[in-house]
Amino acid sequence: MTWNVQQYLKFGGERQRPGFDLLAQINDLPPGPLVDLGCGTGIHARAIAARWPDRDLIGLDSSASMLAEARQSEPSIRWVEADIRQWRAAPKAALIYSNATLQWLTHHETLFPRLLADLVPGGVLAVQMPRNFDDPSQTLLRDTALDGPWAANLAPLFDPQIETPSLLRPDPVGTARFYYDLLAPLASGGIDLWLTEYVHQLAGDDAVLEWMHGTTLRPILDALDASARDGFLASYAEKLRRAFPRGPDGKTLLNFRRLFIVARA
Ligand SMILES: C[S@@+](CC[C@H](N)C(=O)[O-])C[C@H]1O[C@@H](n2cnc3c(N)ncnc32)[C@H](O)[C@@H]1O
C-alpha cells in the first residue's frame, strides 16, 4: 500500500496526540534497546529518543516514503525498512512501542504474544490502535465500496482472510477483553488497558473525507482506476456530508475511539 506523507500529516496534530498520550503512561524501562514499530515519519521515535537518550533505538516501517521523511530528522535513530510480520527483536527489547499501526495486521492472537516474548524481563509493550470500526466514517466506506460498479474490484480487500491491509475487515481490532485475556497471563509485570474517545474538530470542506484520505482510503484508491476512483469518492463524499454536517463555525466533529495497551513482561 502507498502512503502519501503530506496527506497523512494534514491532520498531524490529531493523529499524533494519541501516541504522546501512550508515551506518557510508560514508566521506567529496564536496560535494553527500544523499538517503534510502524514509526511512520518518526515523530514518536524522536520523543522516545529524547526521553531515553543513549539507548539503541530502531524506527521500523515498511513504507519507504514514510521513512524518507523520518530519516531527514534524527540521525541517532536507526531507521529500518522492514515488515513487522517478519521482524523479531534481536537482542530482546526493553520497549516495543507501536502507535496506530498494528490494526493493519491480522492474527493478533499470535502477533501480540510474540511481541511480548520479544521483551527483556520488565520490558514494556505499548500499543495504541483505533477502535472506531462502527463509526459512520467506516461503515459508510464499506457500504460504498460494496455497492457500486467498483464492488467486484474492492470486495477482495474486505476479505477477512487476506493478510494485509486488514484495516478493511469489519473488525480488525479486538475488544479490551480480548487483549486482556490474551496478554494478562503473559505480562508478569501487569497490564493496563484504556479507551479514549477523541473529539476531533476538523476544518475545511469534506473534512472527514480528507481525514480518510490519509489512511483507510488508501488501499481502496490504489485498487481503482481513475474513473472508478472519481465515482467512488463522489458517492462516499455525499454520504459523509449527510452523516457529518458542518457546524455554524465551519468545523466538522469526528469522534474517534482508540484502545491503549501497556503490558509489562
Ligand atoms: C497510520 S501510520 C502510523 C505512523 C506513526 N506510528 C504515527 O503514529 O504517526 C501506520 C504506519 O504503519 C506502517 N505499517 C503498516 N503495516 C506495516 C507492516 N506490516 N510492517 C511495517 N510497517 C507497517 C505504515 O507504513 C505506516 O507508516
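Criteria and thresholds
- Residues numbered from 1 in each chain as written.
- Predicted model: local features only at pLDDT ≥ 70, side-chain atom pairs only at ≥ 80, totals over all residues.
- Heavy atoms only, no water.
- Helix = DSSP H or I, 4+ residues; strand = E, 2+ residues; numbered from the N terminus.
- Rg over C-alpha atoms; globule rule 2.2 N^0.38 Å.
- Buried < 20%, exposed > 50% of the residue type's maximum accessible area, 1.4 Å probe, protein only.
- Contact = heavy atoms within 4.5 Å.
- Areas by Shrake-Rupley, 256 points an atom, 1.4 Å probe, with all protein chains shown as cover.
- Lys, Arg positive; Asp, Glu negative; His and termini not counted.
- Charge placed at Lys NZ, Arg CZ, Asp CG, Glu CD.
- Axes fitted to C-alpha atoms, helices over the stretch in contact; angles between N-to-C directions.
- Left-handed = near helix turned anticlockwise from the far one by under 90°.
- Nonpolar A, V, L, I, M, F, W, Y, C, P; charged D, E, K, R; others polar.
- Pairing = 2+ DSSP bridges.

Caption draft 1: The arrangement of the overall build of the chain in detail. Secondary structure summary: the chain contains 11 helices and 7 strands in total. Relative to the globule expectation of 18 Å for 265 residues, the C-alpha radius of gyration of the chain, 19 Å, shows essentially globular dimensions. By the burial criterion, 53% of the 265 residues in the chain qualify as buried. Summarising the internal contacts of the chain: among those between residues at least 6 apart in sequence, 77% fall at separations of at least 24. Taken as a whole, the chain presents about 11,700 Å² of accessible surface, with 52% of it coming from carbon and sulfur. Positive and negative side-chain charges of the chain, numbering 26 and 31 respectively, have mean locations separated by a distance of 2 Å.

Caption draft 2: Broad picture of the packing of helix 6 (residues 136-145) against helix 11 (residues 226-243). Two elements in contact, helix 6 and helix 11, have axes separated by 10 Å at closest approach and are oriented at 145°. Between helix 6 and helix 11 lies a crossing of right-handed hand. Of the residues in helix 11, those in contact with P136, S137, L140, L141, T144 and A145 of helix 6 are F232, S235, Y236, K239, L240 and A243. Residue composition of the contact of helix 6 with helix 11, grouped by class: 8 nonpolar, 3 polar and 1 charged.

Caption draft 3: Structural detail: the pairing of strand 4 (residues 93-99). Of all the 7 residues making up strand 4, 7 are buried; the element is thus mostly covered by neighbouring parts of the structure. Examined bridge by bridge, strand 1 (residues 34-37) and strand 4 share 3 bridges and lie parallel to one another. Bridge assignment links L34 to a residue of strand 4, and that residue is L95. Sheet analysis places strand 4 next to strand 5 (residues 119-130), joined by 6 bridges and oriented parallel. Bridging across to strand 5, N99 finds its partner in Q128.

Don't take any of this as a statement about function, it's just geometry.
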